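Here is what each chain is made of, one letter per residue.
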Amino acid sequence: MSFNSLGLSEALLKAIDKQGYTTPSPIQQKAIPLILEGKDVLASAQTGTGKTAGFTLPMLQKLSQGQQLRQRPIRALVLTPTRELAAQVHNNVKSYSEFLDIRSAVIFGGVNQRPQVATIRNGVDILIATPGRLLDLNNQNLLSLAKIEILVLDEADRMLDMGFKRDLDKIMKLMPNRRQNLLFSATFSKEIKSLANEFLYHPVLVEATPENTTVDAIEQKVYRVAKELKTGLIIKLISEGDWQQVLVFTRTKHGANRLCKKMISSGITASAIHGNKGQGARTKALAGFKNGSVRVLVATDIAARGLDIPLLPHVVNFELPNIAEDYVHRIGRTGRAGASGEAISLVCGEEREYLRDIEKLVGLKIPVDIIEGFEPDPNAPSSPSKKKQQNSRHSRGTSLNKSKSSKNDTAKGDQSRRPKRNRNRNKNRRSKDNRS
Ligand code: AMP
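Residues numbered from 1 in each chain as written. Predicted model: local features only at pLDDT ≥ 70, side-chain atom pairs only at ≥ 80, totals over all residues.

Chemist: Just to check I follow, could you spell out unusual backbone geometry for this structure?
Modeler: Keep in mind that most residues, glycine aside, have a negative phi and that most peptide bonds are trans. Look at R72: it is not a glycine, yet its phi comes out positive at around 50°. Among the secondary structure elements, R72 is positioned in the loop between helix 3 (51-65) and strand 2 (76-79). Classification of R72 as partly exposed rests on a count of 15 C-beta atoms within 10 Å. (Helix = DSSP H or I, 4+ residues; strand = E, 2+ residues; numbered from the N terminus. Buried ≥ 20, exposed ≤ 12 C-beta atoms within 10 Å, placed from the backbone.)

Chemist: Just checking my understanding: could you explain helix 1 (residues 10-19) for this structure?
Modeler: Structurally, the α-helix is built with 3.6 residues per turn, so residues lying three or four positions apart point the same way. Restricting attention to buried positions, one finds in helix 1 the residues L12, A15 and I16. Viewed end-on, helix 1 has its buried residues packed into an arc of 100°, placing them on one side of the element. Opposite the packed face of helix 1, turned more than 90 degrees from it, sit the exposed residues E10, K14, D17 and K18. Buried residues in helix 1 make contact with helix 3 and helix 4 (83-96). (Arc of directions from axis to C-beta. Contact = placed C-beta atoms within 7 Å.)

Chemist: Sorry if this is basic, but what is going on with the sheet that holds strand 10 (residues 270-273) here?
Modeler: Strand pairing in a sheet takes place through backbone hydrogen bonds and is either antiparallel or parallel in direction. The sheet built from seven strands is open, its strands ordered 10-11-9-12-13-8-14 with parallel pairing. In this open sheet, the two strands that pair with only one neighbour each are strand 10 and strand 14 (368-369). One ladder, built from four bridges, connects strand 9 (residues 246-249) with strand 11 (residues 296-299); its direction is parallel. Following the sheet pairing, L247 is matched in strand 11 by L297. Of the strands in this sheet, strand 9, strand 10 and strand 11 are in contact with helix 11 (residues 253-265), which crosses strand 10 at around 170°. (Pairing = 2+ DSSP bridges. Axes fitted to C-alpha atoms, helices over the stretch in contact; angles between N-to-C directions.)

Chemist: How should the packing of helix 2 (residues 26-37) against helix 3 be read in this particular structure?
Modeler: If you want to describe how two helices pack, look at the angle between their axes and the distance between the axes. At a minimum axis separation of 9 Å, helix 2 and helix 3 run at an interaxial angle of 25°. Taken together, the axis directions place helix 2 and helix 3 in an arrangement best described as roughly parallel. Crossing handedness for the pair helix 2 and helix 3: right-handed. Together, I27, Q28, A31, I32, I35 and L36 of helix 2 and K51, A53, G54, F55, L57, P58, M59, Q61 and K62 of helix 3 make up the contact between the two elements. Residues belonging to the contact of helix 2 with helix 3 are distributed by class as follows: 10 nonpolar, three polar and two charged. (Parallel < 35°, antiparallel > 145°, perpendicular 65-115°, else oblique. Left-handed = near helix turned anticlockwise from the far one by under 90°. Nonpolar A, V, L, I, M, F, W, Y, C, P; charged D, E, K, R; others polar.)

Chemist: Quick question: what am I supposed to make of helix 6 (residues 131-139) here?
Modeler: Of the residues making up helix 6, those classed as buried are P131, G132, R133 and L134. Contact partners of the buried residues in helix 6: strand 2, strand 3 (104-107), strand 4 (126-129) and helix 8 (165-172). Just beyond helix 6, the residue with positive phi is N141, at close to 55°.

Chemist: Can you help me understand the pairing of strand 5 (residues 150-153) in this one?
Modeler: Consecutive side chains of a regular strand alternate in pointing toward one face of the sheet and then the other. The two faces of strand 5 match: I150 and V152 on one face and L151 and L153 on the other face are all buried. Relative to strand 6 (residues 180-185), strand 5 is paired through four bridges, and the arrangement is parallel. Residue pairing in the sheet places I150 in a bridge with Q180 of strand 6.

Chemist: What is the right way to look at the environment of D40 in this model?
Modeler: Within the secondary structure, D40 is located in the loop between helix 2 and strand 1 (41-44). With 19 C-beta atoms counted inside 10 Å, the residue D40 sits in the partly exposed group. Note: C-alpha distance between D40 and L151 (111 residues apart in sequence) is 9.6 Å.

Chemist: Help me understand the pairing of strand 10, please; the structure alone is not making it clear to me.
Modeler: Side chains A270 and A272 project from strand 10 onto one buried face, and the interleaved S271 and I273 project onto a second face that is buried too. With helix 12 (residues 279-291) bridging strand 10 and the parallel strand 11, this β-α-β connection has right-handed handedness. (Right-handed = clockwise from strand over helix to strand, strands pointing away.)

And the structure:
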């Protein structure tokens, strides 16, 4: 199938050609015609499937064919859970709309609102936003959603995990009832289905990859290792393997900082990306990693979710995630768009139970190796401590109010902005690492 047969305009085909895409990805083949028809779509697709173009291309076509009002009210809204994803979607929208008379803008927290407000005032057709900043600006009467024709909820599962449901409810009330709704989610959990029931009108279901399966192109491997030898092992793997671009996941922000410092003192350029870093530092770290000046990016789950780094060859789980589904999201950063990649997990004694959960979820026994000099500790406990387990054993299908991550991963800055009553209620929710 070619892009020509999808019914897209010349201007869009030209932009697609400029990107070098020759064939629409499966999600694009399925979603684009439905969106052009005006259907509400509920799509299961994770980052790496081409989902952004899957909703952006038909959205641009519909907006450019629609009536252009002189004042340019916001006609399409894309909501994303994180600032990085918002920026990434905006870059995609800009590229695909290069040959159209369509204006777009992105807004998220953690940076001065003034330039964002000035751009909106000049008139934009498409706004990409994180829920927090959108509501902030709306509460100050600095934007209006009264003319929204198309709403996209991108990575809706992560938005729910991050506790954005109440914000979403408020945002829905600001938009006209008659609009087209597109919901993209990596997983189809019970919560996502009920969100779809609430916000979507007779949605058509579209699936790009079977739920919770790992991409075939990714070679997965586990190194059993003593906890205190993990840093030495990762440095050895990176140096001796001459790996030039490695995304490393840690469970906590402090862990990310610590590992980053150790890498740097071993002569490996590294940056950390997590919710305690200011937006400037996060953008700089990501840019450095993408342009090759930073060899290792150490990230927490939420900060890295949705990041599109083309041809990323190595992903390392310095610690296994305590939510098995996060493993799938993490390793999905490699093996993108048909390229091959390697996902390595360093597993100490107490993480073996997490490994069992992951293998059950992906339906695969991951090959295990031990490197001489970095053997596992035979006396290590074989499961996480009770305290850690209490913080982690809930699966995605459980109530949103239950804990899904360690306390360490909760963004202090965001908590301090909340009234105490809310703070207590949210105490046990998943990290709001990237909330804006
Ligand atoms: P996404 O899943 O939207 O994050 O996209 C993942 C990557 O695939 C991005 O770098 C896109 O530029 C790229 N991409 C999107 N559509 C196509 C396509 N049809 N052919 C090749 N690459 C694509």
